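Geometric and topological summary
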2 protein chains.
Amino acid sequence: MAGMWQCQVVTSASTAGAVRQGSLRELNLAVVLRRIAAADRPPSRAELAARTGLTRATVSAVVDDLIAGRLVVEAEPAPRTGAGRPARGLLLAADGPAGLGLEVNVDYLAACVVDLTGTVRHHLVRRADLRPASPADALARLAALAAEARAAAVRDGLTLAGAALAVPGLVGDGGLVRLAPNLGWRDVDVPALLAGHPLAEPVDGVPPLVVDNEANLAALGELYATAPGPRSFLHVTGEIGIGAGIVLDGALYRGARGWSGEIGHFPVQPQGRPCRCGGQGCLERYAGQEAILAAAGLPGAELPADTAATRLADLAEGGDPATLAALADAGTALGVAVAGVVNLLDLDTVVLGGGYAPLAPWLRPPVVAEISRRVLTAAWSPVTVRPAVLGAQSAAVGGATSVVRRIVDRPVGWLTRTP
Amino acid sequence: MAGMWQCQVVTSASTAGAVRQGSLRELNLAVVLRRIAAADRPPSRAELAARTGLTRATVSAVVDDLIAGRLVVEAEPAPRTGAGRPARGLLLAADGPAGLGLEVNVDYLAACVVDLTGTVRHHLVRRADLRPASPADALARLAALAAEARAAAVRDGLTLAGAALAVPGLVGDGGLVRLAPNLGWRDVDVPALLAGHPLAEPVDGVPPLVVDNEANLAALGELYATAPGPRSFLHVTGEIGIGAGIVLDGALYRGARGWSGEIGHFPVQPQGRPCRCGGQGCLERYAGQEAILAAAGLPGAELPADTAATRLADLAEGGDPATLAALADAGTALGVAVAGVVNLLDLDTVVLGGGYAPLAPWLRPPVVAEISRRVLTAAWSPVTVRPAVLGAQSAAVGGATSVVRRIVDRPVGWLTRTP
DNA sequence: CCATTTAATTCAACCGCTGAACAAATCGCG
DNA sequence: CGCGATTTGTTCAGCGGTTGAATTAAATGG
């Protein structure tokens with residue numbers, strides 16, 4: 001709201017369709033459910049009414065719908081408050097819909113199940129070098145892992161409401177992976193390759209699948225895991241490539257075609273090292289995994305991403321001079337890029353995720369230094385730089401959470417779907 | 001808070017309040033009015049009903065409200081169509097509310113009046129070197145110009161619904177100008193200095209004032225002037241400093257504190273020329289007005305912004321080698337920065353505004369070249385680079401338009417305000 | 001001149017929120 | 001132990017606003 005005074009905030013004016021009679025209930029279901037999800041302790045109907053501005057009567061009716069739809073349950077132990085009839089707390093249901101998060105990466109496959117409360121109920125990881133595997137083969141193995149996760153969810157009485165697949169590459173419309181360089185994928189049509197597998201077809205209770213970039217889903221995971229934390233931030237994922245997820249006002253910014261966040265080719269040294277992208281001096285050539293390993297004098301450029309980060313962290317912990325210097329240089333390059341982004345987008349939080357998370361103790365100081373050198377507004381309000389709270393494989397968790405988060409944001413979609 | 005009238009999509013994770021009964025009409029007023037504003041020819045009630053999904057009965061009721069509130073008029077000459085009762089076209093009223101746009105810049109003051117249809121009804125410009133003037137003096141002269149514009153609007157039967165002031169600097173909450181380096185302003189409290197002047201106090205029919213960055217308002221002006229054009233783009237304003245307005249999905253992105261768009265200190269040459277910001281090799285030192293003039297061998301670094309741009313354009317037109325080389329270098333530097341932004345935000349349109357607009361014929365080629373070199377996704381879909389359709393002083397027009405645009409986006413605010 | 005066609009209005013029905021009254025459940029005090 | 005105070009949650013008439021169909025309005029075409 002800066003730059004504005006006498007500022008009228010508009011309450012959700014959609015450019016899309018008209019607001020029909022039923023939309024009222026649809027919107028209020030979302031308002032109440034979001035409030036329940038965001039509360040730190042189970043709120044009562046009366047409290048929700050006071051907070052939202054709705055009547056207690058309306059809140060009761062809305063809550064009845066939510067309970068009937070298995071999205072909300074009443075907390076059994078009534079929390080003793082002062083005088084008066086004791087309130088019945090409302091909680092998100094832990095045994096209702098759940099989300100399935102999947103990830104295919106260079107050296108592992110992952111699947112996880114997250115319930116409506118955001119709890120990770122299952123998390124399966126299979127290490128495997130997938131670079132030699134064909135896309136069809138990799139996806140077949142992923143489907144098997146997904147079936148395993150789904151069976152575990154069913155055993156818990158959960159209903160999978162959808163699935164999200166994280167891939168390290170550019171994703172186009174319809175689940176088409178245009179390019180995933182480190183996997184060696186190009187124009188891989190994921191739904192087509194999964195045809196026949198239960199994941200791909202929305203029959204029965206089987207969910208449809210959305211495919212997204214791993215950096216995007218990791219950023220969403222961070223958003224949900226830190227709620228109510230900052231609602232706008234930059235989430236930088238350092239792997240072989242460097243990706244950024246941009247969260248603006250609580251929503252992931254995807255860009256015109258869904259390809260936002262390409263920070264790896266930010267020019268940190270325009271006359272510097274040539275890059276395979278055709279440019280020169282790209283960030284990736286200074287703060288990418290291979291560049292850091294090379295600068296630290298480590299041979300294994302073929303190391304798995306998290307192994308590489310752990311190796312570097314161990315060496316830095318031990319005070320290895322070459323590693324410390326490599327990390328300082330990488331942090332400076334990263335700081336130049338991050339400062340540029342912060343200047344452009346006026347963000348107050350930067351999250352170091354993926355392989356950068358374990359290296360944050362050494363990367364953070366140079367990043368902070370570059371920010372305070374280059375960001376003009378840093379003098380008025382500081383920029384927070386911190387490691388991601390979710391560690392590696394946060395993309396799968398973020399994807400699964402985004403599935404259930406969609407239900408919280410628009411519960412009518414779930415309510416009208418269940419028999 | 002991201003923005004003043006940023007269109008919130010209903011399904012977004014907004015913490016907004018509850019939807020009451022009256023909100024229904026409020027939202028539908030906006031839906032119908034926006035549809036009328038966006039139509040290329042005056043739509044009938046029946047057509048609006050079909051497009052929005054509302055009933056004809058509802059649309060009629062809504063339109064009655066809008067006509068009663070002087071926001072909409074019926075087009076008199078009924079456009080002859082085929083058989084059946086002829087439709088009565090609906091238009092935005094040209095004699096209802098209007099917006100006042102103001103601009104204070106280094107070498108001129110401007111005021112303009114824009115009516116609801118987006119037509120610029122009046123545009124007053126006073127050339128004056130404002131650098132020696134005190135903020136209070138500059139604002140007093142601006143207030144006189146505003147009064148003149150207001151009188152002209154009243155003569156046309158227009159009602160000013162609000163005013164927006166563009167300043168070349170960082171604007172904080174409450175209309176506080178934190179820093180406007182080229183004006184020599186620091187922590188200037190605009191509303192306080194205007195106290196007593198009719199602009200500042202919302203008495204009578206006199207509008208309240210919002211203060212905003214000139215690059216932001218210029219970008220909004222471009223958005224409205226090109227509608228229905230691209231809904232996401234980067235608008236780069238080249239003056240003494242370089243500012244960027246970021247429009248994402250039809251709304252100006254303001255950043256966490258309203259200070260987004262600082263592109264002038266994008267690192268195009270990290271080991272390059274030192275900059276007054278403390279960094280090195282900032283874009284401003286290569287593509288700012290002073291840098292271009294110096295490289296072209298022009299002495300007058302003190303030239304007014306538009307004069308400087310015109311001078312350079314004239315010289316380039318005449319084939320002056322030094323000027324052509326200076327513009328090529330500036331374009332390359334600009335292209336490096338723009339490519340970084342496009343990579344990050346996945347935008348498909350870049351607009352060269354302000355002083356860059358007349359120089360676009362020479363700046364565009366190197367910018368395009370850098371984009372195609374450095375933007376990975378450019379291969380799949382091209383990035384458009386073009387000059388701004390509004391010339392200089394577009395910020396005042398953008399500000400005035402933003403005032404009336406706010407009414408279109410939330411007509412209930414106007415309807416409940418008129419006696 | 002009348003059937004046809006499309007536009008706009010009217011009106012009873014209905015949906016969902018409101019506000020107030022009422023029932024439920026617990027605490028505090030005598 | 002009992003009764004008022006207090007707060008929660010539900011019930012119900014009322015009402016704003018949309019819906020859908022019927023009705024009126026105003027043109028074209030044979």
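Right, let's walk through the structure included here. (Residues numbered from 1 in each chain as written. Chains lettered and ligands numbered in written order. Predicted model: local features only at pLDDT ≥ 70, side-chain atom pairs only at ≥ 80, totals over all residues. Heavy atoms only, no water.)

Another point: the overall build of chain A. Counting its regular elements, chain A contains 13 helices and 15 strands. A buried classification covers 56% of the 419 residues belonging to chain A. Restricting to contacts in chain A with at least 6 residues of sequence separation, those with at least 24 account for 61%. Entry remark: accessible area of chain A is about 16400 Å², with carbon and sulfur atoms responsible for 54%. (Helix = DSSP H or I, 4+ residues; strand = E, 2+ residues; numbered from the N terminus. Buried < 20%, exposed > 50% of the residue type's maximum accessible area, 1.4 Å probe, protein only. Contact = heavy atoms within 4.5 Å. Areas by Shrake-Rupley, 256 points an atom, 1.4 Å probe, with all protein chains shown as cover.)

What follows deals with the pattern of salt bridges. Applying the stated criterion across every chain, the model contains 38 salt bridges over all chains. For R126 of chain B, the salt bridge identified is with E148 of chain B, shortest N-O distance 3.0 Å. A residue pair is termed long-range when its members are at least 10 positions apart, and R126 of chain B in strand β5 (residues 120–127) and E148 of chain B in helix α4 (residues 135–155) qualify at 22 residues. Salt-bridge contacts for E370 of chain B lead to R374 of chain B; the nearest nitrogen and oxygen are separated by 2.7 Å. Taken together, the residues E370 of chain B and R374 of chain B, both in helix α11 (residues 360–374) and four residues apart, mark about one turn of the helix. Residue R374 of chain B is classed as buried on the basis of its relative accessible area, which comes to 5%. Look at the salt bridges and you will find they share partners, linking R34, R405 and D409 of chain A into a network. (Salt bridge = Lys/Arg side-chain N within 4 Å of Asp/Glu carboxyl O.)

This brings us to the pairing of strand β3 (residues 97–104) of chain A. All names here are of chain A. In terms of burial, β3 is largely enclosed, as eight of its eight residues are buried. By the alternation rule, side chains of β3 split into P97, G99, G101 and E103 and A98, L100, L102 and V104, which are all buried. Across seven bridges, the pairing between β3 and strand β4 (residues 108–115) is antiparallel. Counterpart to A98 in the pairing with β4 is D115. Counting the residues that bridge the hairpin from β3 to β4 gives three residues. (Pairing = 2+ DSSP bridges.)

Attention now goes to the protein's contact with DNA strand D. In the vicinity of DNA strand D there are 28 residues, among which Q21, S60 and R85 of chain A together with Q21 and T55 of chain B approach most closely. Contact between DNA strand D and R45 of chain A: a phosphate oxygen at 3.1 Å from a main-chain N or O atom of the residue. The separation between a phosphate oxygen of DNA strand D and a polar main-chain atom of R88 of chain A is 2.8 Å. Sorting the residues of the surface near DNA strand D by element identifies α2 (45–52) and α3 (56–68) of chain A together with α1 (21–38) and α3 (56–68) of chain B as the ones contributing at least two each. By residue number, the principal contributor to the surface near DNA strand D is α1 of chain B, which donates four residues. For the surface near DNA strand D, the per-class residue count stands at nine nonpolar, 10 polar and nine charged. (Near = heavy atom within 4 Å. Polar contact = N/O pair within 3.5 Å; in protein donor to acceptor, adjacent residues only side chain to side chain. Nonpolar A, V, L, I, M, F, W, Y, C, P; charged D, E, K, R; others polar.)

Strand-to-strand pairing in sheets goes through backbone hydrogen bonds, with the strands running parallel or antiparallel. All names here are of chain B. Spatially, the five strands line up as an open sheet ordered β13-β12-β11-β14-β15, and their pairing is mixed. With one partner strand each, in any of the chains shown, β13 (251–253) and β15 (384–387) form the two edges of the open sheet. When the angles between neighbouring strand axes are averaged without regard to direction, this sheet yields 25°. Alignment of strand β11 (residues 233–238) against strand β14 (residues 349–354), held across five bridges, turns out to be parallel. Residue pairing across strands places T237 opposite G353, the latter belonging to β14. Here α11 sits on the sheet and contacts β14 and β15; the angle it forms with β15, its principal contact strand, is near 165°. (Axes fitted to C-alpha atoms, helices over the stretch in contact; angles between N-to-C directions.)

Our next topic: the packing of aromatic side chains. On inspection of all chains with the given rule, the structure shows three aromatic pairs over all chains. Aromatic pair W259 of chain A and W380 of chain B: ring centres 5.6 Å apart, planes at 55°, arrangement tilted. Taken together, the residues W259 of chain A in the loop between β13 (251–253) and α7 (284–287) and W380 of chain B in the loop between α11 and β15 connect one chain to another. (Phe/Tyr/Trp six-rings, centres within 6.5 Å; stacked < 30°, edge-to-face > 60°.)

If you look at the biggest cluster of nonpolar residues, it comprises 95 residues, and the most contacted ones within it are I263, L283 and L345 of chain A together with I263, L283 and L345 of chain B. Sequence-distant contacts of L345 of chain B, that is, excluding residues within four places in its chain, are made with I246, Y253, G255, A256, S260, L344 and L345 of chain A together with I246 of chain B. (Core = buried A, V, L, I, M, F, W, Y, C linked by side-chain atoms within 4.5 Å.)

Surrounding DNA strand C, one finds 29 residues, the nearest of these being Q21 and T55 of chain A together with S60, G84 and R85 of chain B. In the environment of DNA strand C, a base nitrogen lies 3.2 Å from a nitrogen or oxygen atom belonging to the side chain of R56 of chain B. Going through the elements one at a time, α1 (21–38) and α3 of chain A together with α2 (45–52) and α3 of chain B are the ones with two or more residues in the surface near DNA strand C. Per-element tally for the surface near DNA strand C: the top contributor is α1 of chain A, with four residues. Residues that form the surface near DNA strand C fall into these classes: 10 nonpolar, 10 polar and nine charged.

On to the pairing of strand β11 (residues 233–238) of chain A. Residue and element names in this part refer to chain A. Within β11, six of the six residues are buried, which leaves it mostly tucked inside the rest of the structure. Burial of the side chains of β11 extends over both faces: F233, H235 and T237 are buried on one face and L234, V236 and G238 on the other. In terms of strand pairing, β11 meets strand β12 (residues 242–248) through six bridges, oriented antiparallel. Of the residues in β12, the one forming a bridge with L234 is I246.

In this section: the packing of α1 of chain A against α2 of chain A. Residue and element names in this part refer to chain A. Two numbers describe how α1 lies on α2: the axes approach to 11 Å, and their chain directions differ by 110°. Relative to α2, the element α1 lies roughly perpendicular. Crossing angle aside, the handedness with which α1 passes α2 is right-handed. Contacts between α1 and α2 involve V31, V32, R35 and I36 on the former and, on the latter, L48, R51 and T52. Here the residues of the contact of α1 with α2 sort into four nonpolar, one polar and two charged. (Parallel < 35°, antiparallel > 145°, perpendicular 65-115°, else oblique. Left-handed = near helix turned anticlockwise from the far one by under 90°.)

With that settled, the discussion passes to the environment of L293 of chain A. Structurally, L293 of chain A can be placed in helix α8 (residues 289–295). For the pair formed by L293 of chain A and A309 of chain A, sequence separation is 16 residues and the distance between their alpha carbons is 9.2 Å.

With an omega dihedral of 0°, the bond running from A227 of chain A to P228 of chain A counts as a cis peptide bond. The phi torsion at D346 of chain B lies on the positive side, around 50°, for a residue other than glycine. Following the sequence through the fold, D346 of chain B ends up in the loop between α10 (321–345) and β14. The exposure class assigned to D346 of chain B is buried, which follows from its relative accessible area of 1%.

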